[in-house]
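# Results of the structural survey
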Amino acid sequence: MQKPDTQNRKLPMGFRLFQGVLRAIPWSFHLAMIRLLARGASRFDRRHTHIARVNLDLAFGETLPVKEKERIVRRTYENLMVVALDTILNQGAGKEQILSKVTFENEAILEEALHSGKPIIFVTAHYGNWELGTLAIAARFTPISVVGRPLDWGWANRILVATREQFGVRMIPKRKAMKKMIGVLKNKGALGLVVDQNTASKEGVLIDFFGHRARHTPAAAILARKFDAVVIPVYSRTEDYRHWTVTFREPIPMEKSDDIDSNILRHVQKQAEITEKVIREKPDEWFWLHQRWKNQYEKLYRPGRSS
């Protein structure tokens, strides 16, 4: 594993200068600017605010007032900007700096899984500071191989990868990832999957999510059944954008009967249910800007349409 400062030197000088400026700015100024930008984005980014409103209407209907939904949309932008800023600031940071931002809850769940000698699959969502949560788990407990799509901007992807790899977070590109995922689990390693996004019909199974049908990746369930992996849901959350609580939830058990498809479907549904529970507890930290129900409700996301 490379030392953080070695990795930092591989990044462009312009980024290091930009990072230095950001580190010199007081957090109170960062937060004020983020809130100002988030307010502007929630007002002028019509495409994504429409997506967020459709999602909130599908999830909560009329149980939440319009003003609360608008507040959640603004907080969604705030959270996304905080995650981006924190990812930049974390590049080249020391282990102690990373862990000082995090409090772990129910860590005995992970420790028991590690002692079992079985492979581990972490399932999570675009919730809270998912980037910091992964980095902190790798720094404190175990290296993780994370499946994800590279960012569209090459320079941004380089920064993201360098930040993740500081403490043993290995990137597996989403395209043709299965072979590498299998390799991780065969070696009794830890795999991280984000399972809260829409999928194409051929890639996902239909489950219930907030009372509506949605497509959900079955990858974690399929791999868990094949390799007897421990599936641990994990999510981070914050009250002030300065410190995050990373909570490990009880492992999702895998039923094993002759009806494999039914076993897989029930496991995937349980993944969706724990994600829904976390979101309901504190909805303003989920990434509402993604077309979560597009596979089943595509027309709703078109401009001028609503639920």
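Our subject is the structure that appears above.
This one's a predicted model, so the numbers in the text were calculated from it and none came from an experiment. (Residues numbered from 1 in each chain as written. Predicted model: local features only at pLDDT ≥ 70, side-chain atom pairs only at ≥ 80, totals over all residues. Heavy atoms only, no water.)

### Some points on the environment of phenylalanine 209
- Mapped onto the elements, phenylalanine 209 comes out in strand 6 (residues 205-209).
- Look at phenylalanine 209 and you get buried, because its relative accessible area is 2%.
- The residues touching phenylalanine 209, leaving out its near neighbours within four places in the chain, are Ala214, Ala272, Thr275, Glu276, Ile279, Trp286, Arg292 and Trp293. (Helix = DSSP H or I, 4+ residues; strand = E, 2+ residues; numbered from the N terminus. Buried < 20%, exposed > 50% of the residue type's maximum accessible area, 1.4 Å probe, protein only. Contact = heavy atoms within 4.5 Å.)

### Focus on the side chain of threonine 142
- The topology assignment puts threonine 142 in the loop between helix 8 (130-140) and strand 3 (144-148).
- A relative accessible area of 12% places threonine 142 in the buried class.
- Setting aside anything within four residues of it in sequence, one finds threonine 142 in contact with Leu114, Ile137 and Ala190.

### Re helix 7 (residues 107-116)
- When helix 7 is considered as a whole, its buried residues turn out to be Ile109, Leu110 and Ala113. An end-on view of helix 7 places all buried positions within 90° of arc, on one side of the element. Exposed and oriented more than 90 degrees from the buried face of helix 7 are Glu112 and His115.
- Buried residues along helix 7 sit against strand 2 (120-124), helix 8, strand 8 (230-238) and strand 9 (244-248).
- Downstream of helix 7 by one or two residues, glycine 117 has phi in the positive range, about 80°. (Arc of directions from axis to C-beta.)

### Comments concerning the nonpolar core
- Counting 39 residues, the largest nonpolar core has Phe104, Leu110, Phe122, Ile137, Ile232 and Phe248 as the members making the most contacts within it.
- Per element, the largest residue contribution to this core is six residues, and it comes from helix 8.
- The contacts of leucine 110, once residues within four sequence positions are left out, are Ile120, Phe122, Ile137, Phe141, Ile232 and Phe248.
- The next biggest cluster of nonpolar side chains, apart from the first, holds 32 residues, and it includes Ala59, Tyr77, Ile207 and Phe210. (Core = buried A, V, L, I, M, F, W, Y, C linked by side-chain atoms within 4.5 Å.)

### A look at the packing of aromatic side chains
- By the definition in use, this model includes 12 aromatic pairs.
- Centroid distance phenylalanine 210 to tryptophan 288: 6.5 Å. Interplanar angle 55°. Geometry classified as tilted. Of this pair, phenylalanine 210 sits in the loop between strand 6 and strand 7 (212-216) while tryptophan 288 sits in the loop between helix 12 (260-281) and helix 13 (294-297); the two residues are 78 residues apart in sequence, bridging distant segments of the chain. Each of the two residues, phenylalanine 210 as well as tryptophan 288, counts as buried.
- On the basis of an interplanar angle of 70° and a centroid distance of 6.3 Å, the ring pair of phenylalanine 210 and tryptophan 293 is categorised as edge-to-face. (Phe/Tyr/Trp six-rings, centres within 6.5 Å; stacked < 30°, edge-to-face > 60°.)

### Concerning the side chain of histidine 267
- Locating histidine 267 in the fold gives a position in helix 12.
- Those residues in contact with histidine 267 that sit more than four places away from it in its chain are Ala221, Val231, Ile252, Pro253 and Met254.

### Digging into the pairing of strand 1 (residues 102-105)
- Taking every second residue as pointing to the same face, the buried face of strand 1 carries Val102 and Phe104, while none of Thr103 and Glu105 on the other face is buried.
- When strand 1 meets strand 9, the two strands line up parallel, connected through four bridges. Across the sheet, the residue bridging to valine 102 is tryptophan 244, located in strand 9. (Pairing = 2+ DSSP bridges.)

### Describing the pattern of salt bridges
- In this structure the tally under the stated criterion is 17 salt bridges.
- For the salt bridge of glutamate 281 with arginine 237, the shortest nitrogen-to-oxygen distance reads 3.5 Å. Placement of glutamate 281 in helix 12 and of arginine 237 in strand 8 is noted, with a sequence separation of 44 residues between them.
- With relative accessibility at 38%, the residue glutamate 281 sits in the partly exposed group. (Salt bridge = Lys/Arg side-chain N within 4 Å of Asp/Glu carboxyl O.)

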